[in-house]
Amino acid sequence: MTPEALLLSVVVAVAAGLIGSFAVMRRMSLAADPLSHVALPGIGVALALHLHPLVGAIAMLFFGALLVWALEEQSRLATETVIGVVFTAALAVGSVMTSGEDLIAALFGSVGALGWPELVFGVVAASAVIVFVLTQRNRLIVMLVSSDIARTAGINVRRLNLLYLQMFALTIALGLRYLGVLLMGALIIIPAATARRVAVNIQGMLVIASMCAVVATVSGSWLAARLHRETGPFIVVVAASGFLLSLAWRRP
Amino acid sequence: MSSSSRDMSAGDVLEVDHLSILFDKNRVLTDLSFHVARGSSLAIIGPNGAGKTVLCKALIGSMQFEGRIRWASGTRIGYVPQQLDLERDLPITGYDFLRARVKLGGSGGADVSRVLDLVGISADVARRPIGTLSGGQFQRLLMAFALAGNPTVLVLDEPTAGVDKPGQEQLNEALRRLNETEGLTVLFVSHELSVVHRYSTSVLCLGSNQSCMGPPRTILTRDLLHDPYGTPLSERPA
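The model shown is predicted, which means the values in this text are computed figures rather than measured ones.

Enquirer: What's the story with the overall build of chain A in this structure? I'm lost.
Expert: Within chain A one finds 11 helices and zero strands. Secondary structure of chain A in N-to-C order comes out as α-α-α-α-α-α-α-α-α-α-α. Computed over the C-alpha atoms, the radius of gyration of chain A is 17 Å, within 12% of the 18 Å expected from 2.2 N^0.38 for a compact globule of 252 residues. For chain A, the spread of C-alpha atoms along the three principal axes comes to 50 × 40 × 30 Å. Among the 252 residues that make up chain A, the fraction classed as buried is 53%. Long-range pairs, those at least 24 residues apart, make up 76% of the contacts in chain A with a sequence separation of at least 6. One way to put it: in chain A the 15 positive side-chain charges average out to a point 14 Å from where the 10 negative ones average out.

Encoded structure:
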């Protein structure tokens, strides 16, 4: 792995660990996975229009996040049903539109040559996610305990929710290169789920989740390169092994 | 939340005019009007389903309503909800939760150890994940959180539900001190008429057909309570 690629994968992993910590605590683990699927039709359209796939993916992911947000403002039950239907349908539509190698690359990620624009965008966007979580963490903590209490503490709950979901969507877009549409949800959820089992306070949760994500990304990429296989599945296997190990852990 | 104090009588901190609330297409509150004087302690009572919780949520701006709710300008609300449902393994400690509030500031938030003292939570308990606290400990933590925002008004939805007897006494006494010595206005929902008798300066009784308000001596009588509750009540000693 080149130093630039290593740098990018580390900042993306940290962003995934941080944004994932709050996803896991907010019980939206199940929404994360289908939301990442919505990127596929975006990638298909972008390829057809000869645009960078990332452009289409981001547009669709932001739209998907907006949909989740709007539905959450309504009732809970409908959200899960609509996510199940709309986002898996998006995966199907995207698969019809994309073909051959492009489809495999979009589904599982592919580590092709890393251009400067993509590197700069990736580092800036991942840093934005990291800054968002670190500066908003107090608001996010209060909101996840109770949105009513958050309102009396002067937090604009609707706006913070929307911002959080958009940052979540951006994080998925960042990981498409390494993990693809099918597996990016896993890099956000699994390290955070591991951290949740081990951590005893919020500081620990954020640090452990980021570290697990970095270790999984770097060692998974290295393993995949040695074995000449796709990167994404290896990253997820390493992350999931960490989670299995954490099951043996008992909190002090 | 806080609006202009125009037309508001000087001693009032809250004015509610012709408040009606629909909840799941049912009319929970109809045409409710009342005023709350600054520094008073208002008990909100009524049978289950009378709309006590809904009223609290409307007062803090978490629920849509018809009519008008006006807080005096400069009002800061501390809110303690009815029991919350949290997962046990949430890695957020009492300190994490309270520090989050203090760092959000608002009005130079209070000191964490002072609010823990006020509600009687030890440092050991505050270091534990909030999902592992007992119902009473968590309820007291929520109270500490409300106080950490340096409120001028407390809105408490059954603050002592799930708290053991000594804990209840401690919380009620802490509230009385804040109300009497620091001039905090307190609005609290309660089922315990003895507590209402002892700690409130006025009582708002919500009923399915009509509501009434007045000092505890006049409201907490057999005849007046009979109507909203619909059944005769046995009086409890004050």
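From this point, the narrative continues.
Enquirer: Looking at this structure, I do not really get the sheet that holds strand E2 (residues 26–37) of chain B. What am I missing?
Expert: Sheets are built from strands that pair by backbone hydrogen bonding, the pairs being arranged parallel or antiparallel. Residue and element names in this part refer to chain B. Taken in spatial order, the three strands of this open sheet run E2-E1-E4, and their pairing is antiparallel. Edge positions in the sheet fall to E2 and strand E4 (66–71), since each of these pairs with one other strand and no more. Strand after strand, the sheet turns through a mean of 15° between neighbouring axes, direction not considered. When strand E1 (residues 12–23) meets E4, the two strands line up antiparallel, connected through five bridges. Opposite Leu14, over in E4, you have Trp71 as the bridge partner. The sheet contacts of helix H1 (residues 52–59) involve E1, E2 and E4, and relative to E1 the element is tilted by about 120°.

Enquirer: How should I be thinking about the pairing of E2 of chain B in this particular structure?
Expert: Consecutive residues of a regular strand have side chains that alternate between opposite faces of the sheet. Residues and elements named next belong to chain B. Pairing geometry for E1 and E2, over eight bridges, is antiparallel. Residue Glu15 lies in a different strand from E2, and its bridge partner there is His35. Where E1 hands over to E2, the hairpin turn is made up of two residues, of which Asp24 adopts a positive phi near 50°.

Enquirer: Would you mind going over the state of the cysteines with me for this structure?
Expert: By definition, a disulfide links the sulfur atoms of two cysteine residues through a covalent bond. Residues and elements named next belong to chain B. Scanning the entire structure with this criterion turns up zero disulfides over all chains. Cys205 takes part in no disulfide bond, and the closest cysteine sulfur, belonging to Cys212, lies 4.5 Å away. Judged by relative accessible area, Cys205 falls into the buried class, the value being 0%.

Enquirer: How should I be thinking about the layout of surface pockets in this particular structure?
Expert: Over the atoms, a rolling probe the size of a water molecule traces out where space has been left empty. Residue and element names in this part refer to chain A. In this structure, the second largest pocket occupies an estimated 430 Å³ of space. Elements supplying a minimum of two residues to the lining of the second largest pocket: helix H1 (3–25), helix H3 (39–48), helix H4 (53–73), helix H6 (100–108), helix H7 (116–145) and helix H9 (157–198). Considered class by class, the residues forming the lining of the second largest pocket number 14 nonpolar, five polar and four charged.

Enquirer: Help me understand the environment of Met97 of chain A in this model?
Expert: Residues and elements named next belong to chain A. Here Met97 lies in helix H5 (residues 76–97). Of the residues examined, Met97 reaches a relative accessible area of 39% and is grouped as partly exposed. Here the alpha-carbon distance between Met97 and Pro41, two residues 56 residues apart in the chain, equals 6.9 Å. In this structure, Met97 is in contact with Pro41, Gly44 and Val45, ignoring residues within four places of it in sequence.

Enquirer: Just checking my understanding: could you explain the interface of chain B and chain A for this structure?
Expert: Size of an interface, as often reported, equals the accessible area lost when the parts are brought together. Counting residues at the interface gives 27 residues for chain B and 22 residues for chain A. With both chains or domains summed, chain B and chain A bury close to 2200 Å², and 64% of this area falls on carbon and sulfur atoms. The largest share of the area that chain B buries against chain A comes from Glu87, Pro91 and Leu104 of chain B, three residues that together contribute 25% of it. Along the contact surface separating chain B from chain A lie three salt bridges.

Enquirer: Explanation requested: empty space enclosed by the protein in the structure shown.
Expert: Residues and elements named next belong to chain B. One pass over the structure, following the stated rule, counts two cavities of 30 Å³ or more. In this structure, the largest cavity spans a volume of roughly 80 Å³. Around the largest cavity sit Ser41, Asn172, Leu175, Arg176, Asn179, Val186, Phe188 and Tyr199, which together line it. Broken down by secondary-structure element, the contributors of at least two residues to the lining of the largest cavity are helix H6 (165–181) and strand E7 (185–189). Ranked by the residues each element gives to the lining of the largest cavity, the list is headed by H6, at four residues.

Enquirer: When you look at the pattern of salt bridges in this model, what are you seeing that I'm missing?
Expert: When charged atoms on two side chains of opposite charge get close, those side chains can pair. For the coordinates displayed, the defined rule picks out 10 salt bridges over all chains. Across the pair Glu87 of chain B and Arg196 of chain A runs a salt bridge, and its minimum N-O distance is 2.8 Å. You can see Glu87 of chain B sitting in the loop between strand E5 (77–80) and helix H2 (94–104) and its partner Arg196 of chain A sitting in helix H9, one on each of two chains. Between Arg70 of chain B and Glu15 of chain B there is a salt bridge, and its shortest N-O distance comes to 3.4 Å. With a gap of 55 residues between them, Arg70 of chain B in strand E4 and Glu15 of chain B in strand E1 connect regions that are remote in the sequence. Taken individually, Arg70 of chain B and Glu15 of chain B each receive the classification buried, so the pair is uniform in this respect. A single network of salt bridges, built from pairs that share partners, joins Asp148 and Arg151 of chain A together with Lys57 of chain B.

Thresholds, definitions, all that
Residues numbered from 1 in each chain as written. Chains lettered and ligands numbered in written order. Predicted model: local features only at pLDDT ≥ 70, side-chain atom pairs only at ≥ 80, totals over all residues. Heavy atoms only, no water. Helix = DSSP H or I, 4+ residues; strand = E, 2+ residues; numbered from the N terminus. Rg over C-alpha atoms; globule rule 2.2 N^0.38 Å. Buried < 20%, exposed > 50% of the residue type's maximum accessible area, 1.4 Å probe, protein only. Contact = heavy atoms within 4.5 Å. Lys, Arg positive; Asp, Glu negative; His and termini not counted. Charge placed at Lys NZ, Arg CZ, Asp CG, Glu CD. Pairing = 2+ DSSP bridges. Axes fitted to C-alpha atoms, helices over the stretch in contact; angles between N-to-C directions. Disulfide = S-S within 2.5 Å. 1 Å grid on protein atoms, 1.4 Å probe; cavity = no way out; pocket = protein on both sides within 12 Å on 5 of 7 lines; lining within 4 Å. Points joined across faces, edges and corners; volume = space filled by probe spheres on them. Nonpolar A, V, L, I, M, F, W, Y, C, P; charged D, E, K, R; others polar. Buried area = accessible area lost by both parts, 1.4 Å probe. Salt bridge = Lys/Arg side-chain N within 4 Å of Asp/Glu carboxyl O.

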